[in-house]
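# Structural overview
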Amino acid sequence: MLSATGSGVGGPGLRGVETAGKWGAQARKWIMGARKYGIAAQVGNTGDARAQAEAPEKRKEMRAKERASSKTDHNLQGRFGAAQNEQALKQASKEASRQADARSEAMSTPAKSSAAGDDMPAPAMRFPTPKDGVLKNRYAEVRLDGRSVLELSDEDFKNKVADTLWKHGIICVKGQDLTPGELKQLTERLGEAILLPACFAFDNRDPDHHEIVRVGNIKNDGSVVPKVTAAEYWHHDGNFWGMPGYRLVNLLHAKVIPPVGGNTGFMDTTMALHSDMFSAEEKERLRDSTCLVSCKWISDFKNAKPEDILPDVTLPCVSPHPITGQETLYVPFTPKGLYDQKRKEHWKPNDELWADMCENGYTYEHRWEAGDILMWDNLQVCHRSMGGYGDNPRLLFRAQARYAQPSKGKM
Ligand SMILES: O=C(O)CCC(=O)C(=O)O
Ligand SMILES: [Fe+2]
C-alpha cells in the first residue's frame, strides 16, 4: 500500500532537501522506500466503488468509437511487433555499434530538428552520455495491476499520480494502453492540455486530437520516416512561452519501442541546485541570473511566418516551484549562456552547466517498455532523446499539461 511502503510520499518533502548533506543522510532512506509503489492495493478502496466498476465498460465503448472514427493507424503492435522481432535479430549487433557511434556523435553535434517544440543547440556543444545517478533513485514507478490510470478517482489520482509526480519530478505509470483521446483526458487531469504553435511542422499531430503529437519515426499512415534524430540534446520544453507558460508536465506514452536505443535521458537540475555541487557563491549567482530565449534559436520555428514568431523572453534561472515551493533550476539553451543581472555579464555557458550535472550523476536514462506513461515536471528536470535506434520503428504519443493555472479544478 502506498502509505505503508511509501516513505517517499509520506516522508520528508522536497523542501527538506536543501543540501547534499541532508540529501545523503535522509533522502537516500526516503527514496529507497519509494522506488516502487505497490499502489494496486488501494485502488478501488476509496471513492465510489460502483462508478469505478462501471468505468472500464464505458471506456471500452468510447475506445471502440474513437478507433472506428479515427484517421490514425491503431494496429501498431500488430503492424510492428513481428517486423520488430525480425529486425531485432538482424540488426542487434549492427545497431549496438551504431548506437555507440550515435552517442559519441551526439556529444559533439547539434540535432537538426526537434519537431517537439524544443531548443536547437549551438554547434560543438559537449553532451556527455548520462550515467544513471541520483535521479534514477528519485524516479518512481506507479503500477495499477492491469487497471487504466483513467479509472482512478480524483482522490486516488491526486495521491498516487499527481502528488507523486510533484515530489519525484519524474514518474512512470506502467502497463497502460491509452488512445490519443484518452491521453488527452489524462493530460487534462494535470492542467491545460496545450497545443503547440501552429507553425511547427505538424504532420505528426494526431489528426483527431491536435494536443497529442507523435514522437519517433512512425507517421499517422504507419510509414517509417528514415534518419529521425529529433530532440537528441539536453533541453527544457516550452521555454519560448516564457514565464509562467513554460510550467509544463510532459507525458510520453510508449506505443512501439525499438529493439535497440530509443531511451530518453533526464537530468535533475533541481536536485543539483540543492546539492553541494554548486558553492554558496555559485548558487547566489544562479539566483541572480537569467536566460534569454529567442524563437530564432529554435529549429521548430524555422518555417514560421513572421506573424508566428513569438517575442524573445527572459527567464529566471532559479524560481520557486508553484506547487512544491522548492527552488528549481531552469536553464534552457541560450547561445551566450547565463546572464548575471547584478554584475551585468554572461558568466556560464549552458552546455558547461549541463556537462557538470551529468558528470556529477544528476541523471536517469529511461529504458522504455510499451505501455509506459512517463510524466515529468519540466520545471524540475530537463531531458533529451538518447537516439541510437537507427531506422527501427519507434512511436510514443506525447502531450503536455500546463499547470501554471491548473484547469478544471482537478488539482
Ligand atoms: O524522444 C524522446 O525521447 C524525447 C522527446 C522530447 O524531447 C519530448 O517529448 O519533449
Ligand atoms: Fe523535449
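Residues numbered from 1 in each chain as written. Chains lettered and ligands numbered in written order. Predicted model: local features only at pLDDT ≥ 70, side-chain atom pairs only at ≥ 80, totals over all residues.

## What about the overall build of the chain?
Put simply, the test is: In this description a helix means any DSSP run of H or I spanning at least four residues, a strand means any run of E spanning at least two, and both kinds are numbered starting from the N terminus. Once C-beta atoms are placed from the backbone, each residue is buried if 20 or more other C-beta atoms lie within 10 Å of its own, exposed if 12 or fewer, and partly exposed for counts between those two. By definition, residue pairs are in contact when their C-beta atoms, positioned from the backbone, come within 7 Å.
Secondary structure assignment for the chain yields 11 helices and 17 strands. Counting the 411 residues in the chain, one finds 45% classified as buried. Counted over contacts in the chain with a minimum sequence separation of 6, partners at least 24 positions apart contribute 83%.

## With respect to helix α11 (residues 350-359)
The criterion, for reference: Arc definition: it is the arc formed by the directions from the helix axis to the C-beta atoms.
Buried residues of α11: N350, L353, W354, M357 and C358, and no others. What you see down the axis of α11 is that its buried residues fit within an arc of 135°, all on one side. Of the surrounding elements, those touching the buried residues of α11 are β7 (264-267), α9 (269-273), β13 (345-348) and β14 (363-366). Directly beyond the C-terminal end of α11, a positive phi value near 85° is found at G361.

## Focus: the sheet that holds strand β16 (residues 382-385)
Here is the rule we go by: At least two DSSP bridges between two strands are needed for those strands to be called paired. Throughout, an axis means a line fitted to C-alpha atoms (over the contacting stretch in the case of helices), and angles, computed between N-to-C directions, take values from 0 to 180 degrees.
Judged by pairing direction, the sheet is antiparallel, and its 3 strands sit side by side in the order β14-β7-β16 without closing on themselves. Two strands lie at the open edges of the sheet, namely β14 and β16, each paired on one side alone. Sheet twist, expressed as the average angle between the axes of neighbouring strands with direction ignored, equals 20°. Pairing between β7 and β16: 4 bridges, direction antiparallel. For F266, the partnering residue across the bridge sits in β16 and is H383.

## Observations concerning the pairing of strand β15 (residues 373-377)
The element β15 is largely enclosed, with a buried count of 5 among its 5 residues. Across the two faces of β15 the burial is the same, with I373, M375 and D377 and L374 and W376 all buried. Pairing of strand β6 (residues 248-256) with β15, which is carried by 5 bridges, proceeds in the antiparallel orientation. From the neighbouring strand, N250 faces β15, where its bridge partner is W376.

## Comments concerning the sheet that holds strand β8 (residues 289-293)
Pairing within the open sheet is antiparallel, and its 4 strands lie in the order β9-β8-β12-β13. Only two strands of the sheet have a single neighbouring strand rather than two, namely β9 (313-316) and β13. With direction set aside, neighbouring strand axes in the sheet form an average angle of 45°. Relative to strand β12 (residues 338-340), β8 is paired through 2 bridges, and the arrangement is antiparallel. Counterpart to T290 in the pairing with β12 is Y339.

## Focus: unusual backbone geometry
Cis rather than trans, the peptide bond between M243 and P244 has omega equal to 5°. Relative to the helices and strands, P244 is located in the loop between β5 (213-216) and β6. A positive phi angle, near 55°, is found at K227, a position not held by glycine. Relative to the helices and strands, K227 is located in the loop between β5 and β6. With phi around 55°, K344 is a residue other than glycine that occupies positive phi space. With respect to the helices and strands, the residue K344 is situated in the loop between β12 and β13.

## With respect to the environment of K342
With respect to the helices, strands and loops of the structure, K342 is situated in the loop between β12 and β13. Here K342 falls in the exposed class, since 10 other C-beta atoms lie within 10 Å of it. Put simply, K342 and R285 are 57 residues apart on the chain and 8.6 Å apart in space, counted from C-alpha to C-alpha.

## Considerations on the nonpolar core
Heads up, the rule is: Buried Ala, Val, Leu, Ile, Met, Phe, Trp, Tyr and Cys residues whose C-beta atoms connect them within 7 Å together make up a nonpolar core.
L135, V249 and M267 are the most contacted members of the largest nonpolar core, which has 75 residues in total. Discounting chain neighbours no more than four positions away, the residues touching M267 are P130, W234, W354, M357, C358, Y362, T363, V381 and C382.

## Some points on the environment of M267
One can find M267 in strand β7. Classification of M267 as buried rests on a count of 26 C-beta atoms within 10 Å. Residues M267 and Y364, spaced 97 residues apart in sequence, show a C-alpha to C-alpha distance of 6.5 Å.

## Some details on the environment of E192
Tracing the backbone shows E192 in strand β4 (residues 192-193). E192 sits 209 residues away from A401 along the chain, and the two C-alpha atoms are 5.1 Å apart.

## Description of the confidence of the model for the chain
Inclusion rule: Per residue, pLDDT measures the predictor's confidence, with a range of 0 to 100.
On average, the chain scores 76 in pLDDT, and the residues at 70 or more come to 69%. Low pLDDT, under 50, characterises residues 1-53; the predicted model gives this stretch 86 contacts beyond four residues in sequence or across chains.

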